[in-house]
Amino acid sequence: MVAAALLGGCKRNAMPEGVLPADRMADFLSEAYLLEGFYAIESGYAYDEVSPEVLRAYDDILKRQQITREQVETSFAYYAEHPDKYIPVLDTVIARIEADEQFKQDN
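Colleague: I'd like a description of the environment of Gln65, backed by residues and values.
Modeller: Turning to its location among the elements, Gln65 is positioned in helix α3 (residues 52–65). Overall, Gln65 belongs to the buried group, its relative accessible area being 14%. Distance from Gln65 to Phe28, taken between C-alpha atoms, is 7.4 Å for residues 37 residues apart in sequence. When residues no more than four places from it in sequence are discounted, the contact partners of Gln65 are Arg24, Asp27, Phe28 and Glu31. Polar side-chain contacts of Gln65 include one of 3.1 Å to the backbone oxygen of Asp27.

Colleague: Any details on the packing of aromatic side chains? Residues and values, ideally.
Modeller: Inspection of the entire model under this criterion finds two aromatic pairs. On the numbers, 5.3 Å between centres and 80° between planes, the contact of Tyr78 with Tyr79 is edge-to-face. Judged on exposure class, the residue Tyr78 and its partner Tyr79 are both buried. Members of the aromatic cluster, connected to one another through ring pairs, are Tyr78, Tyr79 and Tyr86.

Colleague: Lay out the pattern of salt bridges with the relevant residues and their values.
Modeller: All chains considered together, the criterion is met by four salt bridges. Residue Arg64 pairs with Glu31 through a salt bridge whose shortest N-O separation is 2.3 Å. In this pair, Arg64 is assigned in helix α3 and Glu31 in helix α2 (residues 22–42), connecting sequence segments 33 residues apart. A relative accessible area of 53% places Arg64 in the exposed class.

Colleague: Which residues make up the nonpolar core, and what are the values?
Modeller: Ranked by internal contacts, the top residues of the largest apolar core, which has 20 residues, are Met25, Phe28, Leu29, Tyr79 and Val89. No other element matches α2, which puts seven residues into this core. Discounting residues that sit within four places of it in the chain, Met25 has contacts with Leu20, Ser75, Phe76, Tyr79, Tyr86 and Val89.

Reading guide: rules and limits
- Residues numbered from 1 in each chain as written.
- Predicted model: local features only at pLDDT ≥ 70, side-chain atom pairs only at ≥ 80, totals over all residues.
- Heavy atoms only, no water.
- Helix = DSSP H or I, 4+ residues; strand = E, 2+ residues; numbered from the N terminus.
- Buried < 20%, exposed > 50% of the residue type's maximum accessible area, 1.4 Å probe, protein only.
- Contact = heavy atoms within 4.5 Å.
- Polar contact = N/O pair within 3.5 Å; in protein donor to acceptor, adjacent residues only side chain to side chain.
- Phe/Tyr/Trp six-rings, centres within 6.5 Å; stacked < 30°, edge-to-face > 60°.
- Salt bridge = Lys/Arg side-chain N within 4 Å of Asp/Glu carboxyl O.
- Core = buried A, V, L, I, M, F, W, Y, C linked by side-chain atoms within 4.5 Å.

As structure tokens, this is what we get:
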């Protein structure tokens, strides 16, 4: 009886199918945020919609990481409902971007 309860609890806490695990979500977001930042700077922050070039760059990220748009959308929906799991992902992304050599400034 106890084993059944434990197994049932594990299943409820399991990540739904199609959701990227935290490390893969951080991989995607790290590249996506860098892409968005580059595009924002290049356009002078004057854009209302995503250009075809940026959409192609997103497609390149998805292809390189072997994930689909649907997985990204499903993952965003899941993590939006689970901020306790999303905040560590974002912390990882921030740490990666801050550690990236091209973002370090000479002082």
